[in-house]
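The lines below spell out each chain.
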Amino acid sequence: MSEHVQNADTENAAAEKSNVEVSVNDERAQRRARRQALLDSGINPYPIQSEVTAHVSELEDRYANLENGETEDEYSVAGRVRAIRNQGKIAFVVIEDYTGQLQLFCRINNLDEASWDLLGMLDLGDIIGATGAVMRTRRGQLSIAPTRLVLLSKSLRPLPEKFHGLTDREVRYRQRYVDLIMNPEVRDVFRKRSQIISIIRQHMEDDGYMEVETPVLQEILGGANAKPFITHYNALNTENYLRIATELPLKRLIVGGLERVFEIGRQFRNEGTDLTHNPEFTSMEAYAAYSDLAGMRKLSQELFQDIARRACGCEAGHEVITFQGTEIDLSGEWRMASLSEIASEVTGENLSIDTPVEKLREVLDRFDIEWNVEWGAGKLLFEIYDELGEKSIINPTFVCDYPAEVSPLTKRKDDDPRLTDRFELVIKGAEYANAYSELNDPVDQEERFAAQMEAKRQGDDEAMEYDYDFIRALEYGMPPAGGIGYGIDRMIMLFCDQPSIRDVLLFPQLRPEKRSERTAAE
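Throughout, residues of each chain are indexed from 1 in the direction in which the sequence is written. For a predicted model such as this one, the threshold for reporting local features is a pLDDT of at least 70, and the threshold for listing and counting side-chain atom pairs is 80 or more; totals across whole chains, interfaces and linings nevertheless cover every residue. Hydrogen atoms and water are omitted, and side-chain values are computed over all heavy atoms in the structure.

1. A closer look at the sheet that holds strand 5 (residues 142-153)
So, step 1. Following DSSP output, two strands are said to pair if at least two bridges run between them. Helical segments are the DSSP runs of H or I of at least four residues, strand segments are the runs of E of at least two, and each set is numbered from the N terminus. Pairing is mixed in the closed barrel, where five strands are placed in the order 1-2-3-5-4. Going across the sheet, the axis of each strand differs from the next one's by a mean of 50°, ignoring polarity.
So, step 2. The pairing of strand 4 (residues 127-136) with strand 5 spans 10 bridges and is antiparallel. Considered in strand 5, the bridge of isoleucine 128 is made with leucine 151. Convention adopted: a line fitted to C-alpha atoms gives each axis, helices being fitted over their contacting stretch, and angles between N-to-C directions are expressed from 0 to 180 degrees.

2. Here we look at the pattern of salt bridges
So, step 1. A pairing counts as a salt bridge when a side-chain nitrogen of Lys or Arg comes within 4 Å of a carboxyl oxygen of Asp or Glu. This structure, assessed with the given rule, holds 41 salt bridges.
So, step 2. Close ionic contact of arginine 31 with glutamate 27 constitutes a salt bridge, the shortest N to O distance being 2.9 Å. Of the two residues, arginine 31 and glutamate 27 are both situated in helix 1 (residues 3-40); the distance of four residues between them amounts to about one turn of the helix.
So, step 3. For the exposure calls, accessible area comes from a 1.4 Å probe over protein chains only, and a residue counts as buried if that area is under 20% of its type's maximum, exposed if over 50%, partly exposed in between. Note on glutamate 27: relative accessible area 22%, which makes it partly exposed.
So, step 4. A salt bridge links arginine 366 to glutamate 349, with the shortest nitrogen-to-oxygen separation between them at 2.9 Å. With a gap of 17 residues between them, arginine 366 in helix 10 (residues 357-366) and glutamate 349 in the loop between helix 9 (339-347) and helix 10 connect regions that are remote in the sequence.
So, step 5. With a relative accessible area of 45%, arginine 366 lands in the partly exposed category.
So, step 6. Each of Glu27, Arg31, Arg34, Asp123, Asp126 and Lys154 takes part in a single network of salt bridges with overlapping partners.

3. Let's talk about the environment of asparagine 65
So, step 1. Along the chain, the position of asparagine 65 falls in the loop between helix 2 (56-62) and strand 1 (69-86).
So, step 2. Note on asparagine 65: relative accessible area 73%, which makes it exposed.
So, step 3. Distance from asparagine 65 to serine 198, taken between C-alpha atoms, is 33 Å for residues 133 residues apart in sequence.

4. Quick word on the UniProt feature "binding site: Mg(2+) 2" (unreviewed entry) in the chain
So, step 1. UniProt positions are given in the numbering used here, feature names are shortened, and annotations may be inferred rather than shown by experiment. Residues given the UniProt feature "binding site: Mg(2+) 2" (unreviewed entry) here are Glu431.
So, step 2. Along the chain, glutamate 431 falls in strand 18 (residues 430-437).
So, step 3. Other than its neighbours up to four places away in sequence, glutamate 431 contacts Glu390, Glu424, Leu425, Val426 and Arg490. Should any heavy atoms of two residues lie within 4.5 Å, those residues are counted as being in contact.

5. Examining the domain arrangement of the chain
So, step 1. Where each domain begins and ends is defined by an automated method or by a domain database. Domain annotation of the chain identifies domain 1 (32-153) and domain 2 (185-334 + 395-503).
So, step 2. Between the C-alpha centres of domain 1 and domain 2 the distance comes to 49 Å.

6. What to know about the state of the cysteines
Where two cysteines share a covalent bond between their sulfur atoms, that bond is called a disulfide.
So, step 1. Cysteine sulfurs are considered disulfide-paired once they come within 2.5 Å of each other. Evaluated as defined, the whole model comprises zero disulfides.
So, step 2. You can see cysteine 312 has no disulfide; the closest cysteine sulfur is in cysteine 314, sitting 5.6 Å from it.
So, step 3. Overall, cysteine 312 belongs to the partly exposed group, its relative accessible area being 28%.

7. Some points on the side chain of threonine 347
So, step 1. Turning to its location among the elements, threonine 347 is positioned in helix 9.
So, step 2. The exposure class of threonine 347 is buried, given its relative accessible area of 9%.
So, step 3. Polar contacts here mean pairs of N or O atoms no more than 3.5 Å apart (in protein, one a potential hydrogen donor and the other a potential acceptor; neighbouring residues in sequence count only if both atoms are side-chain atoms). Here alanine 343 takes part through its backbone oxygen, which lies 2.8 Å from a polar atom of the side chain of threonine 347.
So, step 4. In contact with threonine 347, not counting residues within four places along its chain, are Val363, Arg366, Phe367, Ile384 and Leu388.

8. Topic: the pairing of strand 3 (residues 100-107)
So, step 1. Here strand 3 lies mainly inside the structure; six of its eight residues are buried.
So, step 2. In this sheet, strand 3 lies alongside strand 2 (residues 90-97) in antiparallel orientation, the contact comprising eight bridges. If you follow aspartate 97 over to strand 3, its bridge partner there is glycine 100.
So, step 3. Judged from the two bridges that link them, strand 3 and strand 5 form a sheet pairing that is parallel. Directly across from leucine 104, in strand 5, lies its bridge partner isoleucine 144.

9. Some details on the packing of aromatic side chains
So, step 1. Aromatic pairs are defined between Phe, Tyr and Trp rings, using the six-membered ring for Trp, whenever the two ring centres lie within 6.5 Å; interplanar angles under 30 degrees are classed as stacked, those over 60 as edge-to-face, and all others as tilted. For the structure on display, the rule yields 13 aromatic pairs.
So, step 2. Taken together, the ring pairs connect Phe304, Trp334, Phe398, Phe423, Tyr432, Tyr486 and Phe495 into an aromatic cluster.
So, step 3. Only when the NZ of Lys or the CZ of Arg is both within 6 Å of the ring centre and within 35 degrees of the ring normal is a charge said to sit over the ring. Here the guanidinium or amino end of lysine 379 rests over the ring plane of tryptophan 375, the centre of that ring lying 4.9 Å away.
So, step 4. Lying across the ring of tyrosine 402, arginine 422 places its NZ or CZ 4.1 Å from the centre.

10. Side note on the environment of methionine 204
So, step 1. Among the secondary structure elements, methionine 204 is positioned in helix 6 (residues 184-206).
So, step 2. A relative accessible area of 0% means that methionine 204 is categorised as buried.
So, step 3. The residues contacting methionine 204, other than those within four sequence positions of it, are Tyr209, Phe262, Met284, Ala286 and Leu299.

This is the structure we're talking about:
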């Protein structure tokens, strides 16, 4: 393509965008004028009171068998105007509430003068209330025949005509309110998200777990390896972190005798965004005294299968869902495989914690994976799995036997202290849960905290800090315990078949909006 044509295309696109903006601004000016006309005529376009006695879905269920004709049953409904068709002495208005759309069959003889006049001042997007009898038209359309209309909120900005399927997804994420108005399937995703979180809570409570809340502001960074957000607490003149995990406070509660606890809450990690990461995200961590890794496997399998049945309609024993075109079988007993087993499968080499460092480096070089000369066999083996092995997994797999170097809070295995009693639940190449048989030896924990502090001094800004109070808690004695953390947003992606974490967060993190991109009046 020639430079001349490219420039012409760019100019045409800019002109088209400019014309759209002018058109929108003209429409906004007209709507503001209609707002003022309403005020001048004594009508408040934003009244305090409103009445709703039924929603659309309720009426559809209640009058599913209604024949053509009008009932004496009167209701007050409200919703956003999605269509207006005026035919002289009759007008049809389609309104939408959060459950569906309903037609208002407006007749001049049924409405008072103020209500009929209001019809001529309505715009698409206005929110109105209507009171009248339920009826079914000759064409079979369930409707309300209103005797009274009231404007509840005047819309000053026109709804976009082509927001559905908009290619600029960032606009949809940034203006989520418009996305929700225009795309019912988006509303469905977030209804399902709410349902899934409710299922999780109920499942945990039915299994004997108590929901608790721990601080978001923390003095000491711990519970995970991640770069934090730092904030200043004025009253005490101290630096604080937004939490990166809830692990250490929850384990203090296990010390205190609360044998089964869980928390669903926001975590904050100062990192970039991609399809599965957002700096602000939701996790659930759970800890059970006198349990272990086997207990966490059982919890995970039963929880995911419960969600599949109750949120996705799967039959018991056949919990199969589809995620981005791939069938995922959640039923039955899930596979358990060691990290070294997965690494061996994807490289064609027989790899383990006993493999010489030189051999592991050769494998990393063969696959163009960077490594550090200070890394031992455990860290090198983990990098092979992390870069190659995880994405090869489709159906749910508990990947276990992680090296101690990458598991600072986990108990070492009795038969090989170089490995830890830990698993990650991986489904279709992504981690959904991370579980441990929790470390409860305060001396061992001291040594691991010290190693983390050394890593921090060497420049690792994701390393944990030394939590003296947590050591003190462990010295009082923590019972053997199993612990697990779930990425709730990723779970929602899986069960709602959404490709990006931004599609399951109502307000995902975005770059700051440039002034030139704003469409609000300055």
